[in-house]
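Reading the structure
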Amino acid sequence: MLNKDYHRLLKRQLKKTGLDTSKNPDFISFFNMVNDAYKSFDKDLKHIENILEESSKELFVANKGLIKERDNVNRKLERIVDNIGGVLFKTDLDGNFTFLNNAWTEYSGIPVNYALGKSFRIFLHGENIEGFKRFDDLFSKEKEHVKFIFKNKRGSEVMWFEVKSKLIKDHDGVSIGFIGTIIDVTNLKETEIELQKASKSKDEFLSTMSHEIRTPLNAVTGLANILLMEDHLPHQLENLKALKYSGEHLLGLINDLLDFDKIKSGKLKLVEKDFSLNYFLESVKSHFSLRTEKKGLIFNVIKENDVPDNIIGDKLKLTQIIKNLLSNSLKFTENGCINLSVKNLGIKENKVKLVFKVIDTGIGISKNKQESIFESFMQANSETSIKYGGTGLGLSISKKLLNLQGSDLVVESELGKGSTFFFEITYKVSNRLNIYEPDMIKMQPDYEPININVLVAEDNKMNVLILKRFFNKWGVKYTVAENGEQVLKLFEKFDYDLILMDLQMPKINGYQAAKMIREWEDESKASIPIIALTAFAQIDIKKKTEQYKMNGFMGKPFNPEELYKLLKSYGEAYNIKAI
């Protein structure tokens, strides 16, 4: 018989088994324990159910709050995205837009709904991309990041935009599309364009002013050289030398300003070639010995540790640096000596490290001024500038030229006890046994006659006068043409060995005339050497003369010795050819 107080589950189990618990007292005690366990379990279960019910209510409230917060965040993000100062976009791998914010419509004038699902190629034209880059080069699976600028025209309005995008991948690292921004950079781009125009105008202004200054300066220095070559009274010698020095000094100032502008604009490049270091040092010694002797100073060139002869580097820039440093020492040294030393610091992997030092016994530089002297247009103090002159660009240019070659200019000095300027620089060691150095050909005191017939294209009367005086002294045959048209007519009728071509002439300029000559039917005439004569100081003058197949150029005012050597080299070549 079943106890009525038993738990329902226990009753069900006892009923199924048909067990009579009343016949065995031990069973009664056991089943009472089981019954208590069932009832206790029911109480625990009910308690858990109550907890779960309460927790469920709390979770429901929390979930409701999270949904509300999510909706608030989404609305805020939408407001931020739609009001952000630029386009936010997302595309698939084919470049089809999958998301665009409202700024898209503001910038492009095209509704977002129309653009979604369409490729960016429909809206972006290749010719409007800065640098004319191809679409395939801009967006590809191989590029993690993309950045470019393009322009967009809406009626008469031109706007510039910067695009930045990033390749996005899924959890498995598979590329799925691009996400990025389009930002209005019109103001920045217009400023950049204006700066480029200003820079170009500045270059043109410098070039024009250089031409305008150099042209009369050519007459001053040219006539001074001619007067020094001709018979003159003894008391006129000092005046003529002063005239020549003033002209050369003014030319040096102009060159310093132009070099400084080239360096500042980043348009100055290294030109590394084989050259003889020994010849270089001999040339420096020959040139500066004369200048130091006139001032009563001793000048020494010292080589240490077996300095290599043939090296590869930019000789022109090394010449300019050493010239600036020696000229600086010469200017500020009244008594004693100036030494130029070169020391071999060691050769490694076919490269030699050299240290150049210029040591003088001049006025020296105080410690607090040693940093400022390398700044542009700066000298140690105003009294120095007044007493010794100069632009204050020499040291600045030298330092920048060395920085361009991975070196630097250092000074050690004490006021009243002289200065030492030095720099370490690495050059490649040349494998060539001998290097021809035309600069080292020593000029004879008396110029020998040159057997050469020159066509001179020059429209400036004063320049023509100076060239005539030199040519007459050197026995040079010449014909003068005042413009490009006359050049072509004379060239057609007569044979010449060389053309000295002024680049700025009326009617047909020097470039155009050179181009027509190089296209001449008679190949032997078309190959005539053409040397450009120019007072312009354009940065790309060398490149431009090469483009028009000229054989070189000579700046005005020209050095008589350089002009003589030039004519003699072509005259000698002509004589050999004639034999």
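Here's a quick rundown of the structure. (Residues numbered from 1 in each chain as written. Predicted model: local features only at pLDDT ≥ 70, side-chain atom pairs only at ≥ 80, totals over all residues. Heavy atoms only, no water.)

The next subject is the packing of helix 13 (residues 484-493) against helix 14 (residues 510-518). Put simply, helix 13 and helix 14 touch, their axes get as near as 9 Å, and they point 25 degrees apart. Relative to helix 14, the element helix 13 lies roughly parallel. For the pair helix 13 and helix 14, the crossing hand works out as right-handed. Here Val487, Leu488 and Phe491 of helix 13 come into contact with helix 14, specifically with Ala513, Met516 and Ile517. Residue composition of the contact of helix 13 with helix 14, grouped by class: six nonpolar, no polar and no charged. (Axes fitted to C-alpha atoms, helices over the stretch in contact; angles between N-to-C directions. Helix = DSSP H or I, 4+ residues; strand = E, 2+ residues; numbered from the N terminus. Parallel < 35°, antiparallel > 145°, perpendicular 65-115°, else oblique. Left-handed = near helix turned anticlockwise from the far one by under 90°. Contact = heavy atoms within 4.5 Å. Nonpolar A, V, L, I, M, F, W, Y, C, P; charged D, E, K, R; others polar.)

Axis separation between helix 9 (residues 315-332) and helix 11 (residues 394-404) bottoms out at 9 Å; the angle between their running directions is 150 degrees. On the basis of their axis angle, the class for helix 9 and helix 11 is roughly antiparallel. Here helix 9 and helix 11 pass one another in a crossing that is left-handed. Here Lys317, Gln320, Ile321, Asn324, Leu325 and Asn328 of helix 9 lie close against helix 11, whose contacting residues are Gly394, Leu395, Ile397, Ser398, Leu401, Leu402 and Leu404. Partitioning the contact of helix 9 with helix 11 into residue classes produces seven nonpolar, five polar and one charged.

Ranked by internal contacts, the top residues of the largest apolar core, which has 36 residues, are Leu277, Ile322, Leu326, Phe356 and Phe423. The set of elements that each furnish at least two residues to this core consists of helix 8 (277-294), helix 9, strand 9 (337-348), strand 10 (351-360), helix 11 and strand 12 (419-429). It is helix 9 that provides the largest number of residues to this core, a total of six residues. (Core = buried A, V, L, I, M, F, W, Y, C linked by side-chain atoms within 4.5 Å. Buried < 20%, exposed > 50% of the residue type's maximum accessible area, 1.4 Å probe, protein only.)

Turning next to a positive patch on the surface. A cluster of basic residues, Lys241, Arg291, Lys294 and Lys323, forms a positive patch at the surface. With respect to the secondary-structure elements, Lys323 resides in helix 9. On the accessibility criterion, Lys323 (46% relative accessible area) is partly exposed. (Patch = residues over 30% accessible without salt bridge, like charges linked within 9 Å, V, L, I, M, F, W, Y side chains within 5 Å. Areas by Shrake-Rupley, 256 points an atom, 1.4 Å probe, with all protein chains shown as cover. Salt bridge = Lys/Arg side-chain N within 4 Å of Asp/Glu carboxyl O. Lys, Arg positive; Asp, Glu negative; His and termini not counted. Charge placed at Lys NZ, Arg CZ, Asp CG, Glu CD.)

Among the five residues of strand 13 (residues 453-457), four are classified as buried, and the element is accordingly described as predominantly covered. As paired strands, strand 13 and strand 14 (residues 477-481) are joined by five bridges and run parallel to one another. Among the inter-strand pairings, Val454 is bridged to a residue of strand 14, identified as Tyr478. Remark: the strand 13/helix 12 (residues 461-474)/strand 14 crossover connection has right-handed handedness. Of the pairings in the sheet, the one linking strand 13 to strand 15 (residues 498-502) comprises four bridges and is parallel in character. Pairing of Ala457 across the sheet is with Met501, part of strand 15. (Pairing = 2+ DSSP bridges. Right-handed = clockwise from strand over helix to strand, strands pointing away.)

So, about the sheet that holds strand 14. As summarised here, the arrangement of the five strands in space is 14-13-15-16-17, forming an open sheet in which the pairing is parallel. The sheet terminates laterally at strand 14 and strand 17 (552-555), the two strands that pair on one side only. Mean inter-strand twist for the sheet, computed between neighbouring axes without regard to direction, equals 20 degrees. The strands that helix 13 touches are strand 13, strand 14 and strand 15; relative to strand 14, the one it contacts most, it runs at about 140 degrees. Contacting strand 15 and strand 16 (530-534), helix 14 crosses the sheet at an angle of about 150 degrees to strand 15.

On to the pairing of strand 8 (residues 310-313), then. In this sheet, strand 8 lies alongside strand 6 (residues 273-276) in antiparallel orientation, the contact comprising four bridges. In the sheet register, Ser276 faces strand 8, and the bridge partner there is Asn310. Sheet analysis places strand 8 next to strand 12, joined by two bridges and oriented antiparallel. Note that in strand 12 the partner of Ile312 across the bridge is Lys428.

This next bit is on unusual backbone geometry. Of note, Asp306 is a non-glycine position whose phi angle comes to about 55 degrees, a positive value. Relative to the helices and strands, Asp306 resides in the loop between strand 7 (298-304) and strand 8. Owing to a relative accessible area of 70%, Asp306 belongs among the exposed residues under this scheme. Here the phi dihedral of Lys549 falls at roughly 60 degrees; this positive angle occurs in a residue that is not glycine. Take Lys549: it is sitting in the loop between helix 16 (541-547) and strand 17.

With antiparallel pairing, five strands are arranged side by side in an open sheet as 2-1-5-4-3. Each edge of the sheet is formed by a strand with only one pairing partner; in this case those strands are strand 2 (97-100) and strand 3 (145-154). Across the sheet, the mean angle separating the axes of adjacent strands is 25 degrees when strand polarity is ignored. One ladder, built from 10 bridges, connects strand 3 with strand 4 (residues 157-169); its direction is antiparallel. The residue bridging Val146 from the neighbouring strand is Ser165, located in strand 4.

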